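Take a look at the letters that make up each chain.
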Amino acid sequence: MNRFWANLRRNYEQGRISPLLIVGLGILLAVVLFGLIGPFFTDATNAQVGAVRPRRPPGGDYLLGTDSQGRDMWTLLIYATPNTLKMGLIAGFIGVGLGTVLGLIAGQFGGWIDAVIRVISDSLLTVPAIAILVIIAGNIDRMSTFVMALVVASLGWMFTARTVRAQVLSIREKAYVEVARVNGEGPWEILFREVMPNIMPYIVASFVGTVSGSILAVIGLEALGLGALEEMTLGNTIYWSQQSSAVLRGYWWWWGPPIVMIALIFIGLFLTSVGFDRFANPRLARR
Amino acid sequence: MSKEIVRYIATRFGQLLVVVFVAVSVNFIIPRLLPGDPVQTALARLQTSGGAANVDIQAVSAAYRARYGLDAPVWQQYINYWGDLLTLDLGVSFANFPEKVSTMIGNALPWSVTLLAVATLIAFSVGSLLGARLAWPTAGRGIKSLVPFLMVLTSIPFYLLAIILIYFFAVVLKWFPPAGGVDTTRIMRLDWATTYDILEHAFLPCMAIVLGNVGFWALGMRSQMVNVLGEDYITFAEAKGLHPRRIFVWYGMRNALLAQVTALALSLGSVVSGAVLVEVIFNYPGLGSLLYVAIRGQDYFVIQGVVLMLIVSLAVLLFIVDLLYPLLDPRIRR
């Protein structure tokens, strides 16, 4: 543990840990804590339809007001935020996992399998994701947050696959891989003992990007009404406020807080990814 | 034409074919993975949701079964599906029964294309200029303080910016209309009043897309400029005694823009995804709203048609960008 802190301190002094990374992780931590600690101080039933007086502005009994279905916005926000984050994380894990495997296969084995993976991922990268996701999500009868994460993950692997493939190709040519090969390591040993550790930073970096992209897609699908409508999520809150024309009727406390929360999540992820680039690539830090 | 450029075009064309093929196949396969046939399922859902009480479900269903040969083997259906698409037959709407999906898309398409093209062009050029200005070696504190602001703008999804814009500029200040493409009472004519009306309605949606994208282009351009300005040929140009502004614009910006165009091609997909939602929020009469209404009403063929339209037209557009790219970058032309 001491070594960990010493390492951290050295990295900080060398300027590899930028303020961007600290602020980004700080915002994300705050958002996560909000969802973890909040339930201890609120009554979950207040977030159910018809639990409180509808259309109350913020203040008094209701910190953030209530929506026109009689739900307390503050309680709703506390339960919706972790659900949205959860979908992003699940989709991120699956997408990055799939992308890593495909990228490793493409980079390690080359040939026609590489060509197929490359053409498919390059093509899918240019497609408007929402179009394909709408077809998939629209045909699922029972939607849940987990299924939603799966749907979004189906288009969340291309960027990781591309990055991993490029890294594998470049690392394979390095002298230490050559040495390992001469020492009699087989292709799998080389892949897992020599190549994998060196592409970890890239995998972590694309994980942050994939989570961000997944949350974006999830909220987009939910705003179209394709989400699990009975679950409390930030995207569904936006959807219901749209359905009740909350913007035109001036209920800013209905759509405002979820937007702020979503913005905080995205800003946190964005700063983390920029900051992490500088951490993983010391050449950038010196600028 | 050299061998390389033929190969380049062939690869890009191959990519276009893959996208179209995948899009059509996904559109065909996914609804058929479910038990029952797609039309039956769609109509059953339509009935339960009460979306189209005035439609004679049985008649429509029978007509579809005969028309699309849904009793035929799957491979036959697949071939028929391609045949229909190639003759631009996308089926008819359930909700507005005899109306053809292709007509509905044809009506919506100009709205979407114009909005998206104008907004993307503005965001791209303003963003790139701003980014170049930010990379200028003696950029002042004032302009540098824009960076965090741009970072915040890029990270917020732009359909959420749209909600905020509507609230402030249409609900509170009432400067712009909150929704729609034109005044509902307007008879479309080619005159000033109509043009003004259209522009007035398009302003906020356009602003939402521009604001949501400008940061992306500015930040991208800035980092590209920083890279380019570190190149040897810039030092060489300085050593020759060229004017700094000339070096900056003709040696720096011109090269940095190349990467920006590549990024444009790669990001158009997500811009379109976002623009679909902006249209929904503004109830703008484009493809996005058409898709939204179709999803709400379980209007099966309309959803399919719009989705195909989005994917295929974007793929064609990207192919055109790819064809223009050698004109910008002589290294590919060789």
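All of these numbers come straight from a predicted model, not from anything done at the bench.

Calculation notes
Residues numbered from 1 in each chain as written. Chains lettered and ligands numbered in written order. Predicted model: local features only at pLDDT ≥ 70, side-chain atom pairs only at ≥ 80, totals over all residues. Helix = DSSP H or I, 4+ residues; strand = E, 2+ residues; numbered from the N terminus. Buried ≥ 20, exposed ≤ 12 C-beta atoms within 10 Å, placed from the backbone. Contact = placed C-beta atoms within 7 Å. Core = buried A, V, L, I, M, F, W, Y, C linked by C-beta atoms within 7 Å. Nonpolar A, V, L, I, M, F, W, Y, C, P; charged D, E, K, R; others polar. Axes fitted to C-alpha atoms, helices over the stretch in contact; angles between N-to-C directions. Parallel < 35°, antiparallel > 145°, perpendicular 65-115°, else oblique. Left-handed = near helix turned anticlockwise from the far one by under 90°. Expected span 1.5 Å × (residues − 1). Bend = angle between axes of the 7 residues up to and from the residue.

Describe the overall build of chain A, listing the residues and the values that go with them.
In terms of regular secondary structure, chain A is built from 12 helices and 0 strands. The N-to-C order of helical and strand elements in chain A reads α-α-α-α-α-α-α-α-α-α-α-α. Referenced to the eigenvectors of the C-alpha coordinate spread, the extents of chain A come out at roughly 75 × 50 × 30 Å. When the 287 residues of chain A are sorted by exposure, 45% land in the buried category. Of all intrachain contacts in chain A linking residues separated by at least 6 positions in sequence, the fraction that spans at least 24 positions is 70%.

Requested: an account of the overall build of chain B, with residues and values cited.
Along the backbone of chain B there are 14 helices and 0 strands. Ordered by position in the sequence, the α and β elements of chain B form the string α-α-α-α-α-α-α-α-α-α-α-α-α-α. Expressed as a percentage of the 334 residues in chain B, the buried residues total 36%. Sequence separation of 24 or more characterises 71% of the internal contacts of chain B that already satisfy a separation of 6 or more.

Describe in detail the nonpolar core, supporting the description with residues and values.
Of all hydrophobic cores here, the largest spans 154 residues; its most connected members are Leu133 and Val134 of chain A together with Ala162 and Val306 of chain B. The contact partners of Leu133 of chain A, leaving out residues within four places of it in the chain, are Val151, Val152, Leu155, Ala217 and Leu221 of chain A.

Would you mind going over the interface of chain B and chain A in detail, with residue names and values included?
On the side of chain A, 36 residues touch chain B, which itself brings 42 residues to the contact. Mapped by element, the contributors of at least two residues to the side of chain B that touches chain A are helix 1 (3-33), helix 7 (146-155), helix 8 (158-172), helix 11 (244-282), helix 12 (287-296) and helix 13 (300-328) of chain B. Counted by class, the side of chain B that touches chain A contains 35 nonpolar, 6 polar and 1 charged residues.

Would you mind going over unusual backbone geometry in detail, with residue names and values included?
The residue Ser245 of chain A is not glycine, and still its phi comes out positive at about 45°. Within the secondary structure, Ser245 of chain A sits in the loop between helix 10 (234-243) and helix 11 (252-280). Although it is not a glycine, Lys174 of chain B sits at a positive phi angle of roughly 60°. Looking at where Lys174 of chain B falls in the secondary structure, it is placed in the loop between helix 8 and helix 9 (192-229).

Outline the packing of helix 9 of chain B against helix 11 of chain B, supporting the account with residue identities and numerical values.
All names here are of chain B. One way to put it is that helix 9 packs onto helix 11 with a least axis distance of 9 Å and a crossing angle of 155°. In this view, helix 9 runs roughly antiparallel relative to helix 11, as classed from their interaxial angle. Considering only the axes of helix 9 and helix 11, their crossing is right-handed.

Describe in detail the packing of helix 7 of chain B against helix 9 of chain B, supporting the description with residues and values.
Two quantities define a packed helix pair, namely the angle between the helix axes and the distance between the axes. Residue and element names in this part refer to chain B. Interaxial distance between helix 7 and helix 9 falls to 7 Å at its minimum, and their mutual angle equals 125°. On the basis of their axis angle, the class for helix 7 and helix 9 is oblique. For the element pair helix 7 and helix 9, the recorded crossing hand is left-handed. Only Leu211, Gly212, Val214, Gly215, Phe216, Ala218 and Leu219 of helix 9 make contact with helix 7, whose side of the interface consists of Leu150, Met151, Leu153 and Thr154. A per-class count over the contact of helix 7 with helix 9 returns 8 nonpolar, 3 polar and no charged.

Please set out helix 6 (residues 145-153) of chain A residue by residue, giving values where relevant.
Side chains that are three or four residues apart share a direction in an α-helix, a result of its 3.6 residues per turn. The complete set of buried residues in helix 6 of chain A reads Met148, Ala149, Val151, Val152 and Ala153 of chain A. Residues of helix 6 of chain A that are buried make contact with helix 3 (73-109), helix 5 (129-138) and helix 9 (187-223) of chain A.

Talk me through helix 5 (residues 101-135) of chain B; I want residue IDs and the actual numbers.
The end-to-end C-alpha distance of helix 5 of chain B is 48 Å, a good match for the 51 Å that 35 residues give at a rise of 1.5 Å each. Within helix 5 of chain B, the axis deviates most sharply at Ala108 of chain B, by approximately 35°, and proline Pro110 of chain B lies no more than four positions further along.

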